[in-house]
Amino acid sequence: MRPVLGIESSCDETAAAVLDEAGRVLAESVLSQESDHAPYGGVVPEIAARAHLAFLPEQVRRVMAAAGLGFAELGGVAASGGPGLIGGLIVGSQFAKGIAIAHGLPYAAVNHLEAHALTARLPGLVSGGAEFPYLLLLVSGGHCQCVAVEGVGRHVRLGGTLDDAAGEAFDKVAKLLGLGWPGGPALERLAAGGDPRRFAFPRPLLGRAGCDFSFSGLKTAVAHEVARHGAGALSTQVASDIAAGFQSAVADVLSDRAKHAMAMMRARAPAARLLVVAGGVAANGAIRAALGDVAEALGFELVAPPVRLCTDNAVMVAWTGIERLRLGMVDALEFAPRPRWPLDAPDMRVAS
Ligand code: KG4
Ligand code: ZN
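A quick note: this is a predicted structure, and the numbers were derived from the prediction, not measured. (Residues numbered from 1 in each chain as written. Chains lettered and ligands numbered in written order. Predicted model: local features only at pLDDT ≥ 70, side-chain atom pairs only at ≥ 80, totals over all residues. Heavy atoms only, no water.)

Now for the confidence of the model for the chain. Taken as a whole, the chain shows an average pLDDT of 95; of its residues, 98% reach a score of 70 or greater. Summarising per-element confidence for the chain, the mean pLDDT is lowest in helix 10 (residues 307-310) (90) and highest in strand 1 (residues 4-8) (99). (pLDDT = per-residue confidence, 0-100. Helix = DSSP H or I, 4+ residues; strand = E, 2+ residues; numbered from the N terminus.)

On to unusual backbone geometry. Cis geometry is adopted by the peptide bond preceding Pro83, which originates at Gly82 and carries an omega value of -10°. At the junction of Trp181 and Pro182, the peptide bond is cis and its omega measures out at -5° in the coordinates. Looking at where Pro182 falls in the secondary structure, it is placed in the loop between helix 5 (166-176) and helix 6 (184-191). With a phi close to 70°, Leu205 is a non-glycine residue in the positive phi region.

With that settled, consider the site of ligand 1. Surrounding ligand 1, one finds 18 residues, the nearest of these being Gly141, Asp171, Gly184, Glu188 and Gly280. With respect to ligand 1, the side chain of Asp171 contributes an N or O atom lying 2.6 Å from an oxygen atom. One nitrogen or oxygen atom from the main chain of Gly280 is found 3.0 Å from an oxygen atom belonging to ligand 1. Contact with the protein chains removes 88% of the 550 Å² of surface that ligand 1 exposes when unbound. Structurally, ligand 1 is housed in the largest pocket. When contributions to the shell around ligand 1 are tallied by element, the ones reaching two or more residues are helix 5 and helix 6. Looking at the shell around ligand 1, its residues break down into five nonpolar, 10 polar and three charged. (Near = heavy atom within 4 Å. Polar contact = N/O pair within 3.5 Å; in protein donor to acceptor, adjacent residues only side chain to side chain. Areas by Shrake-Rupley, 256 points an atom, 1.4 Å probe, with all protein chains shown as cover. 1 Å grid on protein atoms, 1.4 Å probe; cavity = no way out; pocket = protein on both sides within 12 Å on 5 of 7 lines; lining within 4 Å. Sits in = over half its atoms within 2 Å of the grid points. Nonpolar A, V, L, I, M, F, W, Y, C, P; charged D, E, K, R; others polar.)

Summed over all chains, the structure comprises 18 salt bridges. With a closest N to O distance of 2.8 Å, Arg50 and Glu46 form a salt bridge. Of this pair, Arg50 and Glu46 both sit in helix 2 (residues 45-67), four residues apart, which is roughly one turn of that helix. For Arg326, the salt bridge identified is with Glu323, shortest N-O distance 3.5 Å. (Salt bridge = Lys/Arg side-chain N within 4 Å of Asp/Glu carboxyl O.)

This brings us to the coordination of the zinc ion (ligand 2). Protein coordination at the zinc ion (ligand 2) comes from His112 (NE2), His116 (NE2) and Asp312 (OD), with a distance range of 2.1 to 2.2 Å. Between consecutive donors of the zinc ion (ligand 2), the numbers of intervening residues give the motif H-x3-H-x195-D. In this pair, His112 and His116 are both assigned in helix 4 (residues 112-118), four residues apart and thus about one turn of the helix distant. (Donors = N, O, S within 2.8 Å, 3.2 Å for Na, K, Ca; no water.)

Before going further, it helps to examine the packing of aromatic side chains. According to the stated counting rule, one finds five aromatic pairs in the structure shown. Both rings, one in Phe170 and one in Phe246, keep their centres 5.0 Å apart while their planes meet at 75°; by these two values the pair is edge-to-face. Pair noted here: Phe170 is in helix 5 and Phe246 is in helix 8 (residues 236-268), with a separation of 76 residues, a long-range link. For Phe170, a relative accessible area of 3% puts it in the buried group. (Phe/Tyr/Trp six-rings, centres within 6.5 Å; stacked < 30°, edge-to-face > 60°. Buried < 20%, exposed > 50% of the residue type's maximum accessible area, 1.4 Å probe, protein only.)

Okay, structure coming up:
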């Protein structure tokens, strides 16, 4: 099939990419709105929607020019249709539909979580692309779940967070420590100089059956420790030790939960041997290392895409568009973007 344009606008990245069927990235561009939201300590939906509206047309023009293609030369247009913030989803979906109508192209409404899941199938990442089935651990600011990826449109959620997402916990703890937003990268830097054993933070659900997660108790424990030292009076050493203790607790929890998820995956599909991580938290070195160890112990191979493909981007959306469109999974232009769209919703599945 001919190259596909992908559009991502579900949260605070305005991104566009053009990929060919072999998974080669002909052009891509990601515009982060981080500095627009940072003063508010988190993503402000209205600001995000307006920024997508202001910058998406230029992003698309730019990638099409860089790919050297006109719209009529595309094989389809894909846009994240959910889950996410409704304003941005509407902007991206309507823009994609407009191009599809004007140029008579097929349209794919991509589930953003499926896009993270199928990134591992980009041929450049795992030799030839990850074969189904594999296990996905998605750990971002908005999502924290273990998914059995069994095919295009065929996903089974094995477990997920009961409260906060892992990245959300990083962001909240970073805020307690007076770091900026988003907090994950700054917290990782601070933790590098700290002693992870000085403060014994809880490891919620560790060893518990299944692969659900919980982070609110850990976050509360950190808040109590910070309060004990007096607001605003944390020395750099104490702050570093708290950051290191928190990060090591999250790494322990994620690797324990991943261990259970790998066992569940093996029970469903004995041939499964890949553990794929995705989402911004997968950028964390300590967490990657812990997951690598536990995967190896269970005979799984850890696949951790480069950071730019772990965080939100349009390459994964275009690729998912290719995977779906080449199976004939074209979406109707009536598709309404969905703020909530679980990966194992019945309409995600391929008709069998
Ligand atoms: O996937 P992502 O870019 O956006 C969505 O949430 O969809 O993930 C962003 C999240 C933020 O919560 C951020 O603090 C976290 O990923 N993050 C990290 C690191 N880099 C980003 N968390 C821990 N360590 C990092 N190095
Ligand atoms: Zn995402």
